[in-house]
Amino acid sequence: MILRRLLSRRAAPPPRPPRPARPTYAVGDLHGRLDLLEAMLEAVADDAGGAPHDLVFLGDYIDRGPDSAALLDRLKAVDEAAAHVTCLAGNHDRMLLAFLDDPEAAAHWLAVGGQETVYSYGLLPGRAASDAGEAAHLAARLAGALGDDLRAWLAGRPLWWRSGDLVAVHALTDPEKPMEAQDPETLTWARPGRSPVARTDGAWVVHGHTIVPEPRVRAGHVAVDTGAWRSGRLTAAVFTPDGAPPRFLQTGADE
C-alpha cells in the first residue's frame, strides 16, 4: 500500500539552515510547463552569475500541463549537458513508466494527468483507461513516441540527492531512517501532516509534490511546489554554504 502521509512525531527542529557544499537551486514540480522551465533556467543562470552551483529538479516533469513531451526532451538535454544538474524522479514520472511496463494495471495514470502527456505526443487515449486491449495498444504507441533513449533516461532518475546537510526529494522522507534505507514510496508519494517532523540526523529536506500557495519553511522542511501547471508560478529554493536562510526565485505570473 502506498504511504501517502507520515505520522507526526516529536522532534526538535534543526538548529540552523542547511549548508550544502556549494550554492544549490532546488526547483519544484514542472508538470509540462516548458515555458516556466525556460524562464527558470534563465533566472538561475542570472542569480548564480557564473559561479559554480548545483541545480536540482524535484520530479513530476509530466502530466497536467500542455508540453510534457517537449519538456522531457529539453530537460534531458540540460541534464546530460551539465554535471551540476540533477533530475530526480517524481510519482508522475514513475506512473508513466509503470504504464509502459504494465498498461492494464497502471491505466489509472491516464485519469490523474496522464491524458495530457499522451496528447502532447500527438496520441489519443481513447478507451485505454477502461479497456485492457486499448491500454496495451496506447502504451506501445507511447513507448514508440518516447523512444528508447528518453525512456531509459527517465527510468534512471534518482530518488534523492544530498549535499552537506541538505537533502532533496520529490515528496518526503521518513525522518527516522537514513537516506540509504528510505522506502521509494515514501520519497515519491508521502505527504506532510499538520506538524512536519524534523529529520533525526539534522538534515533539512527540500521537496515538491504537495502544492503550497507560497514556498514554505517548517521544521527543517522547505516546500517549493507552487502548482506551476495551474498557478503559472514555478518556484526554486536557494541554499548557500554559509548557512543563510533559504531564499526563493519565482518565474511566471508573479514575476
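For the structure, check the block above.
Below, the structure is looked at part by part. (Residues numbered from 1 in each chain as written. Predicted model: local features only at pLDDT ≥ 70, side-chain atom pairs only at ≥ 80, totals over all residues. Heavy atoms only, no water.)

### Notes on the packing of aromatic side chains
Inference 1: Enumeration over the complete set of coordinates arrives at 1 aromatic pair.
Inference 2: Seen in terms of ring centroids, F99 and W109 are 5.3 Å apart; in terms of plane orientation they differ by 40°. Their pairing is tilted. Of the two residues, F99 sits in helix α3 (residues 91–101) while W109 sits in the loop between α3 and α4 (114–120), which places them 10 residues apart along the sequence. Residues F99 and W109 agree in their burial class; the two are buried. (Phe/Tyr/Trp six-rings, centres within 6.5 Å; stacked < 30°, edge-to-face > 60°. Helix = DSSP H or I, 4+ residues; strand = E, 2+ residues; numbered from the N terminus. Buried < 20%, exposed > 50% of the residue type's maximum accessible area, 1.4 Å probe, protein only.)

### Describing the packing of helix α2 (residues 68–81) against helix α6 (residues 148–155)
Inference 1: Contact geometry of α2 with α6 gives a least axis separation of 11 Å together with a crossing angle of 65°. Comparing the axis directions of α2 and α6 gives the class roughly perpendicular. Pair α2 / α6 crosses with left-handed handedness. Here L72, D73, L75, K76, D79 and E80 of α2 come into contact with α6, specifically with D149, L150, W153 and L154.
Inference 2: Grouping the amino acids of the contact of α2 with α6 by side-chain chemistry returns 5 nonpolar, no polar and 5 charged. (Axes fitted to C-alpha atoms, helices over the stretch in contact; angles between N-to-C directions. Parallel < 35°, antiparallel > 145°, perpendicular 65-115°, else oblique. Left-handed = near helix turned anticlockwise from the far one by under 90°. Contact = heavy atoms within 4.5 Å. Nonpolar A, V, L, I, M, F, W, Y, C, P; charged D, E, K, R; others polar.)

### Some thoughts on the pattern of salt bridges
Inference 1: By the definition in use, this model includes 12 salt bridges.
Inference 2: Residue D47 is joined to R247 by a salt bridge in which the shortest nitrogen-to-oxygen separation is 2.7 Å. Of the two residues, D47 sits in helix α1 (residues 34–48) while R247 sits in strand β10 (residues 247–252), which places them 200 residues apart along the sequence.
Inference 3: Here K76 makes a salt bridge to E80, at a shortest N to O gap of 3.2 Å. Remark: E80 and K76 occur in helix α2; sequence separation between them is 4 residues, near one turn of the helix.
Inference 4: For K76, a relative accessible area of 15% gives the class buried.
Inference 5: Here the salt bridges share partners, and the residues they tie into one network are R162, R199 and D201. (Salt bridge = Lys/Arg side-chain N within 4 Å of Asp/Glu carboxyl O.)

### Focus: the sheet that holds strand β4 (residues 160–163)
Inference 1: Across the sheet, which stays open at both edges, the 5 strands sit in the order β4-β5-β6-β8-β7 with mixed pairing between neighbours. This sheet does not close on itself; its edge strands, each paired only once, are β4 and β7 (216–218). Each strand of the sheet is rotated relative to its neighbour by a mean of 20°, with strand direction disregarded.
Inference 2: Of the pairings in the sheet, the one linking strand β5 (residues 166–169) to strand β6 (residues 204–207) comprises 3 bridges and is parallel in character. Following the sheet pairing, A168 is matched in β6 by V206. (Pairing = 2+ DSSP bridges.)

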